[in-house]
Amino acid sequence: MAQSFTWFPVNHLGSTKSNERLQTPYEYPSVPLCSANDVQLRFLCPDDLEEVRTLCQDWFPIDYPLSWYVDITSSTRFFALAAIYNFSIIGLIVAEIKSYSKLNKEDRGILPESMGREAEIGYILSLGVHRKYRQNGIGSLLLDSLINHLTTAERHKVKAIFLHVLTTNRTAILFYERRGFVLHSFLPYYYSIRGKCKDGFTYVSYINGGHSPWSL
């Protein structure tokens, strides 16, 4: 299975350990065009595949298989949103809604067992912004769009949003901490990057009444 990853500024790669397919596809509503310094948002489509692949190969130190790019540009299983400027993709976020019962073992401690039985959870696979346009709030714009989508009445079962990140990626860690994500767990040797094992962290943000197993 693939490895998940986060690389910033603002780059986040999701765990390749999470390539399993959900049984139920999710239909996402259209996202209104939002502007921040003339940036617009839209969902990825199959015609974006090569452009997205080129960007990810530049942004991230892990090579995704072609099937991953096919999935995120064509499957409604993913919330795959692009930031567009001058008709070009300058940023993207890729996430999916997962049944809590289908999470990998290392991630199931995010929610209390009693809450997790019926819960769903949002998982951020990738968050990236073109080098030229970083530090302009594009990453926050994309993350806000995902959070807004997951905190609607229809998504009330989604109790948390989580991601994995390299322990050495301080820029990404600070970005997520500023956005209210909290450190949940340490993942020794979680990543394999160019033949070398790297440690990771799991970061979580609780939504829709969700909370950690240690909350009073």
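Just so we're clear, the structure is a prediction, and the values are computed from it rather than from any experiment.

Conventions adopted
- Residues numbered from 1 in each chain as written.
- Predicted model: local features only at pLDDT ≥ 70, side-chain atom pairs only at ≥ 80, totals over all residues.
- Heavy atoms only, no water.
- Helix = DSSP H or I, 4+ residues; strand = E, 2+ residues; numbered from the N terminus.
- Buried < 20%, exposed > 50% of the residue type's maximum accessible area, 1.4 Å probe, protein only.
- Polar contact = N/O pair within 3.5 Å; in protein donor to acceptor, adjacent residues only side chain to side chain.
- Contact = heavy atoms within 4.5 Å.
- Phe/Tyr/Trp six-rings, centres within 6.5 Å; stacked < 30°, edge-to-face > 60°.
- Pairing = 2+ DSSP bridges.

Undergrad: How should I be thinking about the side chain of serine 145 in this particular structure?
TA: By secondary structure assignment, the location of serine 145 is in helix α4 (residues 138–150). Owing to a relative accessible area of 13%, serine 145 belongs among the buried residues under this scheme. Polar contacts involving the side chain of serine 145 include one to the main-chain carbonyl oxygen of leucine 141, which spans 3.0 Å. Beyond its immediate sequence surroundings of up to four residues, serine 145 is in contact with Leu41, Phe79 and Leu81.

Undergrad: What's the story with the packing of aromatic side chains in this structure? I'm lost.
TA: In this description, a pair of aromatic rings is defined by centroid distance and the angle of the planes. Throughout the structure, instances matching the rule amount to 12 aromatic pairs. Arranged with centres 5.9 Å apart and planes meeting at 75 degrees, the rings of tryptophan 59 and phenylalanine 60 form a pair that is edge-to-face. The pair tryptophan 59 / phenylalanine 60 is uniform in exposure class, with both members buried. Look at tyrosine 64 and tyrosine 69: their rings are 6.1 Å apart centre to centre, the planes differ by 85 degrees, and that puts the pair in the edge-to-face class. Judged on exposure class, the residue tyrosine 64 and its partner tyrosine 69 are both buried. Members of the aromatic cluster, each reached through a chain of ring pairs, are Tyr64, Trp68 and Tyr69.

Undergrad: How do you make sense of the pairing of strand β8 (residues 196–206) when you look at a structure like this?
TA: Both faces of the sheet carry side chains from a regular strand, because those side chains alternate between them. Where strand β6 (residues 158–166) meets β8, seven bridges bridge the pair, whose relative direction is antiparallel. Each bridged residue has a counterpart across the sheet, and for alanine 160 the counterpart in β8 is tyrosine 206. Of the pairings in the sheet, the one linking strand β7 (residues 182–193) to β8 comprises eight bridges and is antiparallel in character. Within β8, the position partnered with serine 185 by the bridge is threonine 202.

Undergrad: Teacher, can you tell me more about helix α2 (residues 66–74) here?
TA: For an α-helix, the turn length of 3.6 residues means that residues three or four places apart are oriented alike. Along α2, the positions that sit buried rather than exposed are Trp68, Tyr69, Asp71, Ile72 and Thr73. Where the residues of α2 are buried, they touch α1 (49–59), β3 (78–85), β4 (88–99) and β5 (120–129).

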